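Descriptive analysis of the structure
Chain by chain, the residues:
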Amino acid sequence: MVLSQKLASAFNEQVNAEMWSSNLYLSMAVHFKKVGLNGFAHWMEKQAEEEMDHARKMIDYAIDRGGDITIGQVNVVPTAWGSVTEVFEHVYKHECYVSELIDKMVGIAKEDKDYASEDFLYGFVREQVEEEATAKTIVDQLKNYGECHVGILDHRLGKRD
Ligand code: FEO
């Protein structure tokens, strides 16, 4: 089954959104490097790599299913960031937004009765549950233990594989 035009467009848009997400996290990594929080910077770089990986997986899948993928311009990401807690709150909100985008794609696949795409996208639905939970946990820790916890957390997140 070939992707419908609507779903192929959604894949194109999502590839762009994943690339934008990758740049967003790179921007956060740069910010953390500048203030000497190298553990957080490392975590953000890994996050950026993961987002590019999501884009690549979607490109491969869409092409395998006859979709026409084009790599478009990626909008500029924010470059000014506040406290560590504010940055991670932004990560959490952004991941919730990405979850909504993925859910919309599942909706299109369902309308199309495109079960293969539905199945493929459920991998991302599950991934988003994890992404939201990870970001939420970091926000909760920062809020509950205060920013004095930052050094410990910076050390711990610096160990992300
Ligand atoms: Fe590709 Fe963080 O969602």
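About the criteria used
Residues numbered from 1 in each chain as written. Predicted model: local features only at pLDDT ≥ 70, side-chain atom pairs only at ≥ 80, totals over all residues. Heavy atoms only, no water. Core = buried A, V, L, I, M, F, W, Y, C linked by side-chain atoms within 4.5 Å. Buried < 20%, exposed > 50% of the residue type's maximum accessible area, 1.4 Å probe, protein only. Helix = DSSP H or I, 4+ residues; strand = E, 2+ residues; numbered from the N terminus. Contact = heavy atoms within 4.5 Å. Salt bridge = Lys/Arg side-chain N within 4 Å of Asp/Glu carboxyl O.

If you look at the biggest cluster of nonpolar residues, it comprises 24 residues, and the most contacted ones within it are M28, F32, F40, M44, V84, F88 and V91. Listing elements by their share of this core, those giving two or more residues are α1 (5-34), α2 (38-64), α3 (84-111), α4 (115-145) and α5 (150-157). If sequence neighbours within four positions are ignored, F32 has contacts with L37, F40, A41, M44, V84, V87 and F88. In terms of nonpolar packing, the next biggest core, distinct from the first, is built from 22 residues, F11, I59, A62 and F120 among them.

Two side chains that carry opposite charge are able to pair once their charged atoms sit near each other. All told, the structure shown has 10 salt bridges when counted by the stated rule. As a salt-bridge pair, E45 and K33 come within 2.9 Å of each other at their nearest N and O atoms. Placement of the pair is E45 in helix α2 and K33 in helix α1, with a sequence separation of 12 residues. For D114, the salt bridge is made with R65, and the minimal N-O distance between the two is 3.7 Å. Here R65 lies in the loop between α2 and α3 and D114 lies in the loop between α3 and α4, a separation of 49 residues in the sequence. The burial state of D114 is the same as that of R65; both residues are buried. Through salt bridges with shared partners, a single network forms among D53, R56 and K57.

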